[in-house]
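The primary structure of each chain is shown beneath.
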Amino acid sequence: MLENYSNLWQIEKAFRTAKTDLKIRTIYHRKKERIEAHICLTFVTYKVYKELERQLKLKRSNLSPEKAIEILQSMFQIEVKTQQIMR
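What you are looking at is a predicted structure, and each value in this text was computed from that prediction instead of being measured.

Undergrad: Describe the overall build of the protein chain, listing the residues and the values that go with them.
TA: Assigned secondary structure in the protein chain consists of four helices and zero strands. Seen in sequence order, the protein chain has helices and strands lined up from the N terminus as α-α-α-α. Here the analysis covers contacts within the protein chain between residues at least 6 apart in sequence; of these, 30% occur between residues at least 24 apart. For the protein chain, the exposed area adds up to about 8800 Å²; of that, 58% sits on carbon and sulfur atoms.

Undergrad: Residues and numbers for the pattern of salt bridges, please.
TA: Taken as a whole and judged by the stated rule, the model has four salt bridges. Between Lys50 and Glu53 there is a salt bridge, with the nearest N and O atoms lying 2.4 Å from each other. Here Lys50 pairs with Glu53, and both are found in helix α3 (residues 32–58), just three residues apart, close to one helical turn. Lys50 gets classed as partly exposed once you look at its relative accessible area, which sits at 28%. Salt-bridge contacts for Lys67 lead to Glu70; the nearest nitrogen and oxygen are separated by 3.3 Å. Note that Lys67 and Glu70 are positioned in helix α4 (residues 65–73) at a spacing of three residues, about one turn of the helix. By relative accessible area, Glu70 is classed as partly exposed at 48%.

Undergrad: Tell me about a nonpolar patch on the surface, and name the residues and values.
TA: A surface patch of nonpolar side chains, amounting to about 540 Å² of accessible area, comprises Leu63, Ile71, Leu72, Met75, Ile78 and Val80. Its location among the elements puts Met75 in the segment after α4. Exposure remark for Met75: the relative accessible area of 39% places this residue in the partly exposed category.

Undergrad: Account for unusual backbone geometry, with residues named and values stated.
TA: We note that Arg60 has phi near 55°; this positive angle belongs to a residue other than glycine. Structurally, Arg60 can be placed in the loop between α3 and α4.

Undergrad: Run through the packing of α3 against α4, naming residues and quoting values.
TA: Orientation of α3 relative to α4, taken along the N-to-C sense of each, is 105°, at an axis distance of 9 Å. Classified by the angle their axes make, α3 and α4 are roughly perpendicular. Of the residues in α4, those in contact with Tyr49, Leu52, Glu53 and Leu56 of α3 are Pro65, Glu66, Ala68 and Ile69. Partitioning the contact of α3 with α4 into residue classes produces six nonpolar, no polar and two charged.

Undergrad: Explain the confidence of the model for the protein chain to me, using residue names and the numbers behind them.
TA: Averaged over every residue, the pLDDT of the protein chain is 81; the share at 70 or more is 84%. For the protein chain, the element scoring lowest by mean pLDDT is helix α1 (residues 2–6), at 67; α4 scores highest, at 90.

Rules of the game
Residues numbered from 1 in each chain as written. Predicted model: local features only at pLDDT ≥ 70, side-chain atom pairs only at ≥ 80, totals over all residues. Heavy atoms only, no water. Helix = DSSP H or I, 4+ residues; strand = E, 2+ residues; numbered from the N terminus. Contact = heavy atoms within 4.5 Å. Areas by Shrake-Rupley, 256 points an atom, 1.4 Å probe, with all protein chains shown as cover. Salt bridge = Lys/Arg side-chain N within 4 Å of Asp/Glu carboxyl O. Buried < 20%, exposed > 50% of the residue type's maximum accessible area, 1.4 Å probe, protein only. Patch = residues over 30% accessible without salt bridge, like charges linked within 9 Å, V, L, I, M, F, W, Y side chains within 5 Å. Axes fitted to C-alpha atoms, helices over the stretch in contact; angles between N-to-C directions. Parallel < 35°, antiparallel > 145°, perpendicular 65-115°, else oblique. Nonpolar A, V, L, I, M, F, W, Y, C, P; charged D, E, K, R; others polar. pLDDT = per-residue confidence, 0-100.

The following block contains the structure:
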């Protein structure tokens, strides 16, 4: 129980990030499917945010996730190049 309580700050930080940085707000739904979809999208958005944070740290970037999102919001077009995996 103490271990779970000590991780509470991570949960609180996740909710704070979702509310402030990701601007996810409470939406009142009545249908079960819409509630589930809203929760799913909220978690997916948070997961993408955490992956951005991880990649920036991995690349030793000086950018914060918030600054990277701000830069991305000013872009109108991007080109993504992927490596083809040979099997």
